[in-house]
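# Examination of the molecular architecture
Here's the letter readout for the chains.
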Amino acid sequence: EKEGYEHFMLKEIHEQPKGIQETLVRRLNEDGTINLDGISMTKEDIENFDKVYIVACGTAYHAGLVGKLVIEKMARVPVEVDIASEFRYRDPFVDEKTLFIAISQSGETLDTLAALREAKRKGARILSVVNVVGSSVARESDDVFYTWAGPEIAVASTKAYTTQLICMYLIGLYMGSTKGTIEKDYYTQVLEELKLLPEKVEKLFGEEDQIAALAKKYHRKDQVFYVGRGLDSGVSYEGSLKLKEISYINSFAIAAGELKHGTIALMEEETLVFALATQDFLYEKMVSNVEEIKARGARVVAIAKEGRTEIEQVADEVIYIPPCMDEVSPVLAVIPLQIFAYYVAKERGCNIDKPKNLAKSVTVE
Ligand code: F6R
């Protein structure tokens, strides 16, 4: 079943180009537009929403962090993103003009399901982004936007996350074009960028040896930080979660600009920091953040786009992702972080596919 891979997690990391491709082709028309076949949301509905709520847990929540920025940018509507177990206990501002998006790989996460029911009770329109066809979340939603990642067996989610991101882009683009908040050229350009992703992810696998070598070098660290700005901040949270859940290393993610307001106190000689610097318009800011971190003696591994080499002057190591539009970079930037977490856990002899204390789907409160 593992098809020659040592673990399901590694197999699933490698299945991402296929999952992305599949999730895309199901939603693309031949004329280069997005279809929402099977989804009953009308143009009028989309124009009427005055708010979007994205609610999920864990990795799916991290996809929501990216989704918030993407949908706000494209559809010019305020988007709140929340953790399901928080949302359901605080009487959130949800009504008939709210689009509620639940994201869930399994479709069985109890908190997500309860949050969905609460939003439904308040009259929101429910669109879910789900991987398991016919799951509880899917059944109870008005509409379902499926991810086509295929079955995810490893407890640590990988291909579900990247396919959830694809759904965020497609929903943002669809809403934006329906509302007229994005130009046709932009719509076409982002779609073209999305279509190039499977090939670019495949290309990134060429760096697996370099990343495995980093894991060998750093696997004894007892704390690792992940920092980034904008879309990279969301990806930082996901990179950090991947590492801690399978390698049991204490990891922490924070928006890079927030470091100096407290957390930088923890930076010392030999602390390992992943600095994500894939956003062109925030690149210089990230270079300064890396300088601040380096001044405390920490080790920095940067993630940047090919061709943006300035960061080499301040970081200890750089992992390059293929050039792309800023919008779609999370799909690429997360790959090295998944691979790093995997090889660190392997070096440490951990039970990668079934980490201690964790279950694949959390059906208790
Ligand atoms: C992390 C992980 C969990 C899940 C979370 C939500 O790798 O797998 O954080 O993402 O439990 O699960 P779903 O998406 O099934 O609702």
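- For the chain, the name recorded in an unreviewed UniProt entry is Glutamine--fructose-6-phosphate aminotransferase [isomerizing], with Lentihominibacter faecis as its organism.
- According to UniProt, the comment filed for the chain under the heading Subcellular location (unreviewed entry) is "Cytoplasm".
- Listed in UniProt under the heading Subunit (unreviewed entry), the comment for the chain reads: "Homodimer."

## Considerations on the side chain of Glu193
- Mapped onto the elements, Glu193 comes out in helix 9 (residues 184–204).
- Setting aside residues up to four positions removed in sequence, Glu193 forms contacts with Lys200, Cys324, Met325 and Val328.

## Quick notes on the sheet that holds strand 6 (residues 223–228)
- Taken in spatial order, the 5 strands of this open sheet run 7-6-8-9-10, and their pairing is parallel. At either margin of the open sheet sits one strand with a lone partner, and together these are strand 7 (250–255) and strand 10 (317–321). This sheet shows a mean twist of 20° between the axes of neighbouring strands, independent of strand direction.
- Strand direction decides the pairing type here: strand 6 and strand 8 (residues 272–277), joined by 5 bridges, are parallel. Across the sheet, residue Phe225 finds its bridge partner in strand 8, namely Val273.
- Along the sheet, helix 12 (residues 283–295) contacts strand 6, strand 8 and strand 9 (299–305); its crossing angle with strand 8, the most-contacted strand, is approximately 170°.

## Some points on the site of the ligand
- The ligand sits among 14 residues. The nearest are Ser104, Gln105, Ser106, Thr109 and Glu245.
- Here an oxygen atom of the ligand sits 2.8 Å away from a polar atom, N or O, in the main chain of Ser157.
- Contact with the protein chains covers 89% of the free accessible surface of the ligand, which is 410 Å².
- Where the shell around the ligand is concerned, the elements lending two or more residues are helix 4 (58–75) and helix 11 (231–247).

## Examining the sheet that holds strand 1 (residues 51–56)
- Reading across from one edge, 2-1-3-4-5 is the order of the 5 strands in this open sheet, with parallel pairing throughout. Each having just a single partner strand, strand 2 (79–83) and strand 5 (143–146) make up the two edges of the open sheet. Ignoring strand direction, the axes of neighbouring strands in this sheet form an average angle of 20°.
- Direction of pairing for strand 1 relative to strand 3 (residues 98–104): parallel, over a ladder of 5 bridges. The partner of Val52 across the bridge, within strand 3, is Leu99.

## Regarding the pairing of strand 1
- By the criterion of burial, strand 1 is predominantly enclosed, with 6 of the 6 residues buried.
- Alternating positions in strand 1 separate into two faces, Lys51, Tyr53 and Val55 on one and Val52, Ile54 and Ala56 on the other, with burial throughout.
- One ladder, built from 5 bridges, connects strand 1 with strand 2; its direction is parallel. Of the residues in strand 2, the one forming a bridge with Tyr53 is Glu80.
- The β-α-β motif built from strand 1, the intervening helix 4 and the parallel element strand 2 has right-handed crossover chirality.

## Thoughts on helix 12
- For helix 12, with 13 residues, the first-to-last C-alpha span of 19 Å sits near the 18 Å given by 1.5 Å per residue.
- Within helix 12, the full set of buried residues consists of Tyr283, Met286, Val287, Asn289, Val290 and Ile293. Summarising the axial view, the buried residues of helix 12 lie within an arc of 160°, below the 170-degree limit, and thus occupy one face. Residues of helix 12 that are exposed and point more than 90 degrees away from the buried face comprise Lys285 and Ala295.
- Check the buried side of helix 12 and you find it contacts strand 6, strand 8 and strand 9.
- Trailing helix 12 by a residue or two, Gly297 shows a phi angle of about 85°, which is positive.

What counts, and at which threshold
- Residues numbered from 1 in each chain as written.
- Predicted model: local features only at pLDDT ≥ 70, side-chain atom pairs only at ≥ 80, totals over all residues.
- Heavy atoms only, no water.
- UniProt positions renumbered as here; feature names shortened; annotations may be inferred.
- Helix = DSSP H or I, 4+ residues; strand = E, 2+ residues; numbered from the N terminus.
- Contact = heavy atoms within 4.5 Å.
- Pairing = 2+ DSSP bridges.
- Axes fitted to C-alpha atoms, helices over the stretch in contact; angles between N-to-C directions.
- Near = heavy atom within 4 Å.
- Polar contact = N/O pair within 3.5 Å; in protein donor to acceptor, adjacent residues only side chain to side chain.
- Areas by Shrake-Rupley, 256 points an atom, 1.4 Å probe, with all protein chains shown as cover.
- Buried < 20%, exposed > 50% of the residue type's maximum accessible area, 1.4 Å probe, protein only.
- Right-handed = clockwise from strand over helix to strand, strands pointing away.
- Expected span 1.5 Å × (residues − 1).
- Arc of directions from axis to C-beta.

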